[in-house]
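# Breakdown of the fold
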Amino acid sequence: MNPINTLIVRTLPLVPRPLVRLVASRYVAGETLDDAIRAVRHLNSEGCMATLDVLGEDVTNLSETDETVSEYLEALEAILAHGLDSNLSVKLTAYGLKLDPARCRQQFRRVLDAARERGVFVRIDMEDSSVTEETIRIFEESRRQTGGVGLVLQAYLRRSRADVARLAPLSPNVRVCKGIYVEPAEIAFQGHEEIRDNFMAILEDLFDAGSYVGIATHDDVLVERALAAIGKRGLPRDAYEFQMLLGVAVHLRHRLVSEGHRLRVYVPFGRSWHAYSLRRLKENPSIAGQIVKGFLRRG
Ligand code: FDA
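Presented here is a report on the structure given in the accompanying data block. (Residues numbered from 1 in each chain as written. Predicted model: local features only at pLDDT ≥ 70, side-chain atom pairs only at ≥ 80, totals over all residues. Heavy atoms only, no water.)

## Side note on the site of the ligand
Neighbouring residues of the ligand: 23 residues in total, closest Met126, Lys178, Gly179, Thr217 and His218. Backbone polar atom of isoleucine 180 to an oxygen atom of the ligand: 3.0 Å apart, as the coordinates give it. Contact with the protein chains covers 82% of the free accessible surface of the ligand, which is 920 Å². For the shell around the ligand, the secondary structure elements donating two or more residues are strand 4 (149-154), strand 5 (174-177), strand 7 (240-245) and helix 12 (285-298). (Near = heavy atom within 4 Å. Polar contact = N/O pair within 3.5 Å; in protein donor to acceptor, adjacent residues only side chain to side chain. Areas by Shrake-Rupley, 256 points an atom, 1.4 Å probe, with all protein chains shown as cover. Helix = DSSP H or I, 4+ residues; strand = E, 2+ residues; numbered from the N terminus.)

So this is what it looks like as structure tokens:
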């Protein structure tokens, strides 16, 4: 690990909350649903779609999952009430996946059913490798029962191309991303180039299978490679979308929108912003470095 990033990660818990908040404010819409609505409105006015993520994951008590469900149902109502161009992204560990997979299925189903009735799409984020298989199973079960649900596949996982083949009969709607958790070499590619190559291989497999794909990256090399793959196939604009995180690669985002590509921004919000920010930074110290660099640039 880069020593500067190590230092940043070690000192994170000592950083005063207001300072973390200042750094995080670019990447998190705020604490409340109103903050998120404002952020989505602004993105929509710029021609971007959004996906709302109520922060919180890895609940330690099943009773917390009722809160997760309520918060998502409120977000759903807000999307409709304010006419927002947004869908939902969920993390199954916030619905109790690591505590009680059966209860997680029930709780997630409440949100999925409500979203489907209202015509709002729900994307299941992919978390660390301890829950990959169970997450894919829940996606498969949900997809067999209903439309309006999608999954994420991580390009760093060696298994992901096999997962594309496994899911092909379901015509899945898949977001492809590099993957943010730290995973061992036995199951995950470690090099930048091999992750990029696998990202493209997954993307092309999905394009060729006729899947709708969310191309989730800020890596300009990958964006160019994805555009070339789209051009080679003559794919229509409604066969794919680019996806980016709030506050990241804003210039690239504007460029893609101005060229007429569909682009969705991931908008995290909620009371758990502090824990979320620290956890993300600890899980992937290179992002800590990027964020501090971004912060210094901004200063
Ligand atoms: P890379 O890491 O090479 O970054 C390219 C450039 O983008 C960097 O040089 C930097 O400038 C900038 N950048 C990237 N991330 C940044 C950040 N957080 N802050 C500041 N600058 C940043 N992962 C996962 O495991 N499961 C999931 O469900 C999702 N979901 C998801 C949704 C969406 C919409 C996006 C865009 C990403 C995810 N991810 C994710 C995260 C993803 O796996 C990956 O970690 C990040 O997108 C960074 O990878 P890039 O492809 O952007 O390349």
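## Some thoughts on helix 5 (residues 101-117)
Taking 1.5 Å as the rise per residue, helix 5 with 17 residues should run 24 Å; its terminal C-alpha atoms sit 24 Å apart, in good agreement. Turning to helix 5, its buried residues number three or more, namely Cys104, Gln107, Phe108, Val111, Leu112, Ala114 and Ala115. The first or second residue beyond helix 5 is glycine 119, which carries a positive phi of 70°. (Expected span 1.5 Å × (residues − 1). Buried < 20%, exposed > 50% of the residue type's maximum accessible area, 1.4 Å probe, protein only.)

## Some points on the packing of helix 5 against helix 6 (residues 132-145)
Direction vectors running N to C along helix 5 and helix 6 enclose 45°, while the axes themselves pass 12 Å from each other. By the angle between their axes, helix 5 is oblique relative to helix 6. As helix 5 packs across helix 6, the resulting crossing turns out to be right-handed. Counted together, Pro101, Cys104, Arg105, Phe108, Arg109 and Leu112 of helix 5 and Glu134, Arg137, Ile138, Glu141, Ser142 and Gln145 of helix 6 form the full contact between these two elements. The residue makeup of the contact of helix 5 with helix 6, split by class, is five nonpolar, two polar and five charged. (Axes fitted to C-alpha atoms, helices over the stretch in contact; angles between N-to-C directions. Parallel < 35°, antiparallel > 145°, perpendicular 65-115°, else oblique. Left-handed = near helix turned anticlockwise from the far one by under 90°. Contact = heavy atoms within 4.5 Å. Nonpolar A, V, L, I, M, F, W, Y, C, P; charged D, E, K, R; others polar.)

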